[in-house]
Each structure stands twice: as structure tokens, then as C-alpha cells.
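# Structural overview
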Amino acid sequence: MHEMECRVLSIQSHVVRGYVGNKSASFPLQVLGFEVDSINSVQFSNHTGYSHWKGQVLTADELHVLYEGIKLNNVHHYDYVLTGYTRDTSFLEMVVDIIQELKRANPNLVYVCDPVLGDHGSMYVPQNLHPVYKNKVVPVADIITPNQFEAELLTGKNISTEKDAVEVMDLLHKMGPDTVVITSSDLPSRLGDRFLVSLGSQRTMMPDGTKSTQRVRMEIPKVDAVFVGTGDLFAAMLLAWTHHYPNDLKTACEKTFSVMHHVIQRTISYAHELAGPGRRPSPPQLELRMVQSKADIEDPAIVMEATVLTL
Amino acid sequence: LEAPCRVLSIQSHVVRGYVGNKSASFPLQVLGFEVDSINSVQFSNHTGYAHWKGQVLTAEELNVLYDGIKLNNVHHYDYVLTGYTRDTSFLETVVDIVQELKRMNPKLVYVCDPVMGDQGSMYVPENILPVYRDKVVAVADILTPNQFEAELLTGRKINTEKDALEVMDLLHQMGPDTVVLTSTDLPSPRGDQFLVALGSQKIDGTKSTQKIRMDMPKVDAVFVGTGDLFAAMLLAWTHLHPNDLKAACEKTISVMHHVIKRTMTYANEMAGQGKRPNPAQLELRMVQSKKDIEDPAIVVERVMDV
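All residue numbers refer to positions counted from 1 along the written sequence of the respective chain. Working convention: letters from A go to chains and numbers from 1 go to ligands, in the order in which they are written. Given that this is a predicted model, residues contribute local features only at a pLDDT of at least 70 and side-chain atom pairs are listed and counted only at 80 or more, while totals for whole chains, interfaces and linings are drawn from all residues. Side-chain measures were taken over the full set of non-hydrogen atoms in the model, leaving aside hydrogen atoms and water.

Quick reminder of the rule: UniProt positions are given in the numbering used here, feature names are shortened, and annotations may be inferred rather than shown by experiment.
Identification of chain B as Pyridoxal kinase from Esox lucius is taken from an unreviewed UniProt entry. Among the UniProt annotations of chain B, the heading Function (unreviewed entry) holds the following wording: "Catalyzes the phosphorylation of the dietary vitamin B6 vitamers pyridoxal (PL), pyridoxine (PN) and pyridoxamine (PM) to form pyridoxal 5'-phosphate (PLP), pyridoxine 5'-phosphate (PNP) and pyridoxamine 5'-phosphate (PMP), respectively. PLP is the active form of vitamin B6, and acts as a cofactor for over 140 different enzymatic reactions." One UniProt comment on chain B, placed under Subcellular location (unreviewed entry), says "Cytoplasm, Cytosol".

The name given to chain A in an unreviewed UniProt entry is Pyridoxal kinase, with the source organism recorded as Esox lucius. In its Subunit (unreviewed entry) section, UniProt records this for chain A: "Homodimer." On record in UniProt, under Function (unreviewed entry), the comment for chain A is "Catalyzes the phosphorylation of the dietary vitamin B6 vitamers pyridoxal (PL), pyridoxine (PN) and pyridoxamine (PM) to form pyridoxal 5'-phosphate (PLP), pyridoxine 5'-phosphate (PNP) and pyridoxamine 5'-phosphate (PMP), respectively. PLP is the active form of vitamin B6, and acts as a cofactor for over 140 different enzymatic reactions."

Here you go:
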């Protein structure tokens, strides 16, 4: 039987307990048959939404040392790189250097980048990361998963309508990535205010050399809880499903958003059971039910349909 | 309500490959265990490659991470799992943590691979031995030494099966109710293509033990990470078959067999005809073995009562 040989380098946080960063991305990718090499950018006890958190961070130098080890053994050959939440500009710049070198080693490498900067109008990383993402990271990215705020920051353009969003995604294509998914937005959903709107855009080269763009829109049920790690899971699963459906963003998004739905539903049910009636679940209780969702990760039942936008 | 079984695994992390936590986590997660992992080091790859680079966690930093867990009042574990450690103060901190976790949950099971060496020589600093012998083994519940490690811990040489059974009884007296001698030099009744492993488990509520012998085919390759996978899978299968060491070992050894076989086939393919595979090629085919990990087909007739 021919096995899938696909190797991902994921450079993200590690938490001892819970599911964010590499903890959120690795298991689902491995369950789907990807080889995951992981560089842990930090090691914390748990994510920073708990009352307390403690741990250590990796410096840009230490990142470089780890990469050197891989390179010295001549095993620096990757099909994908995946990155997420980073707070340190020199670390991020080192990541860019590494990706550029990995792309020289494999020109077909796909860099999946979650440009984590903030949400709902405010930044939650240092401001000086913004120019690094805009000028250095996004240009080498192939797939990006900004939320609305991040898409606006990166392009300098506000999104008030679907037309704005499409223009912003086109601007992002021009900056680098052929695949853009705006993971969440404030745009009004046609299904009412219990839903949020996500949009995606994928640019492909046609056999005749022209570029064709497929744009999709999804109405996603809102959840009444704050989850951490869902963005990391999303980027990892988008990596997986665009790998299996490279020219079909509609299907890749349907699979990805469906997995998210199953994991989140399972997590919410469990969290409410643990918290008890009428009580809001705590961060430990809201940790994603990742391990319990294995079957959904392997083969997600499609629970939402993406609409292809005809413009 | 599915109460998850939560494991705290304190082992190495390698960016590439399968040793330490990389070897233990995925299989345990695939079997439904919640795995909290403290990475004792972060290296590019294991130290059998031509090159390796990375950083180590100090005992102090280990304490800091544990403190974070404790401050959130989530220091509740069903299992602790440890393996290869080179640092005595790190190991002593691990013991302190295990003792505290056992106060929080008296039913906690500590699965300990007392990694010190093999084939007659130590590959960790000598001063690790007294820490294992005098502090760690005392708090361990399941122990997976090889013959050399069992001899070091008990001060007794193993020349016959009878010696091995006595050594396992000595180890019971030192702490663990379950002991598996993962490999020995004892001659196998099946011939010299096989090596002998032995196990002993105290039977609940009695003073007697169930003792078993396993004859396992030797493999013509040096694998790294197999001991870590073994300890993790023994944790899983003793959990699923408590009080039945024979069943637990049948499953554990069967998983090892499938993973190793798949790995050898792949490594030989990658190396090409007549060439010995290199460390990179010999990395365990962990992800590809998911189905075998979930539900290992038993390679029967391996486990005999002694």
C-alpha cells in the first residue's frame, strides 16, 4: 500500500497541558498521516488564558541552533512549514530565513502561516511584529489564515462589505499567498446573527498561463465560549485538506470548518458537563477535546457548505 | 461523562524523529489518553545521528513548569511516565513531583524506564545509579529495566532464568508491583534468533506474583526510541488489562513487532539493496502504524507462564 510521505515543519508553542500551538497542530496532522517535525518556540505549563502560567521561551539563536542540527544531518527537506502565534520579531525573522532556505532546498514547499496579530480591533502581540509580517512573512507565505482584523492590518484596508473582503483578499494575493482564508469576520450572515461569515480565496495558474481565482463564503455558527487553540487547529487542518484538495478550496474549507465544528461541539458539551448547570466553564474545562475527536479528525462529516462566489 | 486518563510524561523532545515524548505521546493519544508532556530537552534529533544540537531543561525550570500546573490546581494525574535522563538533580526533582502527585492521587501509577545502559556498559553518568536505586525505584509502580539495568539496581547478576526471577522479586521489594525485563542474554528455547524477556506482577491482595516469559525475534538493526514506545504501550495495556500482565505484554510486544517490522521494511527500501540503513532512515514509522497501535494483532505464542 502506498503511504503518504508528507513532512511538515511546525514552529509553534508547546504547552505541558492543553491544546494550543504545536499541541493543537501535531496530533491531528499525525492522525491524518503527516510526518510532523516540531520546533517548540516556548514551553509553558498551559496557555495564557488560565489564571497562572509559567515557562520558558526559545530565543532566535536557539531556534537557529535547532535548525542547524537538522541541516547538518541533511534532513532539512520539508513539504510544508506551519507557523502561528509568535511575540518576538527576531524569532519571526529567523523563521523567515529558515523558510527561504527550505524553499531553496524544495521549491515546492508550501508555507502555511497564521499571521497572529490580534482580534476585534486590537493587537495582542507587540506592535513591531506588524511590519515583519507585512514586509517579510506574508511575501513568503503560500496559505494565510488571518481573521478580519489581521487582514485589515496587513493590507491597510477596512472591511465593511463582502466586496471589501474580496478586494482585501486580492491585495493579500498580490503580497504573496495564493490561498487566503479570512477565518472570521463581522460581516452580517445571511443565516442571522447566530452565525459569522468566513471567506476564502484561492488563485491558481491555468494551463494557458492565466490566473483563475476561486472565492468561497461560509456561514459558521457562533459559539458562546472563548476557545484557545482553535486557530492553530484550523491552520493545521487547512494544511491537511488543501493538501488533499489542492485546487478545490470549497471542499478544503468544508472539511476544515466541519472538523472545527465537531471538535468545538464535543468540547462545549464536555465543558458544560464539568462546569455544572448555569456555570461558565473555566479555561481548563474548555481545553479542546482533541484526543476524543480522533474519528472526526480522520474523516469529518461535512456539516456546512461553502458557497462559491460568482463575481 | 468520559473521565479521561491523564498521563504526565517527562521525557526528551526531538524536532525530528521518535524518541522520548515524541515516541510516547502519539501512541498514547491515539489510544485515548490525555498526555501532558514536559520536555526535558529539545534537540534537533536523537544522538545516534552524525550530528545533534539543542537545549536542555534544568531541574529549576522543571520545577517552574510544574509550579504553573499546580497554581492552576490541575496537578491531577493518573499516570506519570519517565525515561532517559542524564541529570541527577533533574531526576531528584522528578521524584519530588511524583511524590506530591501521589499525595494528590494515591492511585497514581508511576511507569519508570530506569535508563542507564545496556550490554554491560552505562551510557549515562554513573551517579545516576544511586538516585534510581535509592529514590526513584521506591516510588515506581511499573519498571521496565533491561537485564543490565536490573543487575545494576539489585547488585545481582543474571545468568539463568532462576536468577532473573529472583531479581524481579528483589525489584518488587524495592517498590514496583510490576516489573518487565525488556531484554536479556538468556538463551531462548526457540533458538538464537530470539531473545528472552520476562515479566512479573504482584497479584492483587496476595503475596504471590504472575510471572511470564516472552521470546521475541531479534532484529538486525539498532533502533532508537523503541524502549520509550515500549514503556508507553505497557502503560496503556496494563491500564486496559490490569491484573493480567500476560495480556498486557502480548499487546505491548505485538505493537512493537508491527512498528519495528514496518520500520525495517521502509528503512531497507530507503537505503537500497545491500546497504545498511542510516539513523534517519531507521526512525520508527510511528504515524504509519496508527492502526496497529489502536488495535494490535496479537503475534501469538509469545507469552508463557513461568
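From this point, the discussion proceeds with the structure in view.
### What about the overall build of chain B?
Rule in force here: Every helix listed is a DSSP run of H or I at least four residues long, and every strand listed is a run of E at least two residues long, numbered separately from the N terminus. Each radius of gyration reported is based on C-alpha atoms, and the globular scaling rule is 2.2 Å times the count of residues to the power 0.38. Each residue is placed in one exposure class: buried if its accessible area under a 1.4 Å probe, protein chains only, is under 20% of its type's maximum, exposed if it is over 50%, and partly exposed if it falls in between. A 1.4 Å probe and the Shrake-Rupley method give the accessible areas. Residues count as covered only by the protein chains that appear here. For the charge count, each Lys or Arg is scored as positive and each Asp or Glu as negative, with His and the chain ends excluded. For the purpose of locating charges, the reference atoms are NZ of Lys, CZ of Arg, CG of Asp and CD of Glu.
Check the secondary structure of chain B and you find nine helices and 12 strands. Computed over the C-alpha atoms, the radius of gyration of chain B is 18 Å, within 12% of the 19 Å expected from 2.2 N^0.38 for a compact globule of 306 residues. Projected onto its principal axes, the C-alpha coordinates of chain B cover approximately 55 × 45 × 45 Å. Taken across its 306 residues, chain B has 60% of its residues classed as buried. As displayed, chain B offers around 12,500 Å² of accessible surface, 50% of which is attributable to carbon and sulfur atoms. The average position of the 30 basic charges and that of the 38 acidic charges among the side chains of chain B differ by 3 Å.

### Digging into the packing of aromatic side chains
Residue and element names in this part refer to chain A. So the rule is basically this: Pairing of aromatic rings covers Phe, Tyr and the six-membered ring of Trp, with a centre-to-centre limit of 6.5 Å; geometry is then stacked below 30 degrees between planes, edge-to-face above 60, and tilted otherwise.
Taken as a whole and judged by the stated rule, the model has seven aromatic pairs over all chains. With centroids separated by 4.9 Å and ring planes inclined at 40°, the aromatic side chains of Phe44 and Trp53 adopt a geometry described as tilted. With relative accessibility at 14%, the residue Phe44 sits in the buried group. Residue class for Trp53 comes out partly exposed when judged on its relative accessible area of 40%.

### Some thoughts on unusual backbone geometry
Residue and element names in this part refer to chain B. Backbone geometry at Asn73 places phi at a positive 55°, although glycine is not the residue there. Tracing the chain through its elements places Asn73 in the loop between α2 (59–71) and β4 (79–82). Overall, Asn73 belongs to the partly exposed group, its relative accessible area being 49%. Backbone geometry at Gln119 places phi at a positive 45°, although glycine is not the residue there. Its place among the elements puts Gln119 in the loop between β6 (117–118) and β7 (121–122).

### Things to note about the pairing of strand β11 (residues 209–217) of chain B
What counts, and what does not: Here, any two strands with at least 2 DSSP bridges between them count as paired.
By the criterion of burial, β11 of chain B is predominantly enclosed, with seven of the nine residues buried. Count of turn residues in the strand β10 (residues 194–202) of chain B/β11 of chain B antiparallel hairpin: six residues, of which Gly205 of chain B carries a positive phi of about 80°.

### Overview of empty space enclosed by the protein
Rule in force here: Points on a 1 Å grid, built from protein atoms alone, make a cavity when a 1.4 Å probe fits but cannot get out and make a pocket when they are open with protein on both sides within 12 Å along at least 5 of 7 lines; residues with an atom within 4 Å of a point are the lining residues. Grid points are joined across faces, edges and corners, and a volume is the space filled by probe spheres set on the points. Charged residues are taken to be Asp, Glu, Lys and Arg, nonpolar residues to be Ala, Val, Leu, Ile, Met, Phe, Trp, Tyr, Cys and Pro, and polar residues to be all remaining types, Gly included.
Per the stated rule, a full pass over the model turns up one cavity of 30 Å³ or more. Lining of the largest cavity is provided by 18 residues; of these, Lys23 and Ser26 of chain A together with Lys22, Ser25 and Ser37 of chain B occupy positions nearest its centre. The set of elements that each furnish at least two residues to the lining of the largest cavity consists of α1 (21–31) and β2 (35–44) of chain A together with α1 (20–30) and β2 (34–43) of chain B. Here the lining of the largest cavity is built from residues that sort into four nonpolar, 12 polar and two charged.

### With respect to the UniProt feature "domain: Pyridoxamine kinase/Phosphomethylpyrimidine kinase" (unreviewed entry) in chain B
UniProt records the feature "domain: Pyridoxamine kinase/Phosphomethylpyrimidine kinase" (unreviewed entry) at residues 82–266 of chain B, using the numbering of this structure. Secondary structure content for residues 82–266 of chain B is 48% helix and 18% strand, while the C-alpha to C-alpha distance between its ends is 29 Å.

### Quick look at the interface of chain B and chain A
Spelled out, the test is: Whether two residues are in contact is decided by their heavy atoms: any pair within 4.5 Å suffices. We define buried area as the total accessible area lost by two parts upon association, computed with a 1.4 Å probe and summed across both. The term salt bridge refers to a side-chain nitrogen of Lys or Arg lying within 4 Å of a carboxyl oxygen of Asp or Glu. Pairs of N or O atoms within 3.5 Å make up the polar contacts considered here, provided that, within protein, one atom can donate a hydrogen while the other can accept it, and that residues adjacent in sequence are counted only when both atoms are side-chain atoms.
Of the residues lining the interface, 50 residues belong to chain B; the matching set on chain A comes to 50 residues. For the chain B and chain A pair, buried surface summed over both sides reaches about 4,300 Å², with 52% attributable to carbon and sulfur atoms. For the pair chain B and chain A, the number of links is five salt bridges. In this structure, the connection of chain B to chain A is made through 24 residue pairs in polar contact (both at pLDDT 80 or more). Top contributing element to the side of chain B that touches chain A by residue count: β2 of chain B, with eight residues. Here the side of chain B that touches chain A is composed, by residue class, of 22 nonpolar, 15 polar and 13 charged.

### Here's the deal with helix α6 (residues 161–174) of chain B
Residues and elements named next belong to chain B. Using the following cut-off: Multiply 1.5 Å by the residue count of a helix minus one, and that product is the helix's expected span.
Taking 1.5 Å as the rise per residue, α6 with 14 residues should run 20 Å; its terminal C-alpha atoms sit 20 Å apart, in good agreement. Listed in full, the buried residues belonging to α6 are Asp163, Ala164, Leu165, Val167, Met168, Leu171 and His172. Contact partners of the buried residues in α6: β8 (142–143), α5 (147–154), β9 (178–181), β10 and β11.

### A short note on the pairing of β2 of chain A
The side chains of a regular strand alternate between both faces of the sheet. Residue and element names in this part refer to chain A. Put simply, the test is: Crossover handedness is defined by viewing with both strands directed away from the observer: a clockwise path from the first strand over the helix to the second marks the crossover as right-handed.
Among the 10 residues in β2, 10 count as buried, and that is most of the element. Here eight bridges tie strand β1 (residues 7–15) to β2, and the two strands are oriented parallel to one another. The residue bridging Ser10 from the neighbouring strand is Ser38, located in β2. In this fold, β1 hands off to α1, which returns the chain to β2; that crossover is right-handed.

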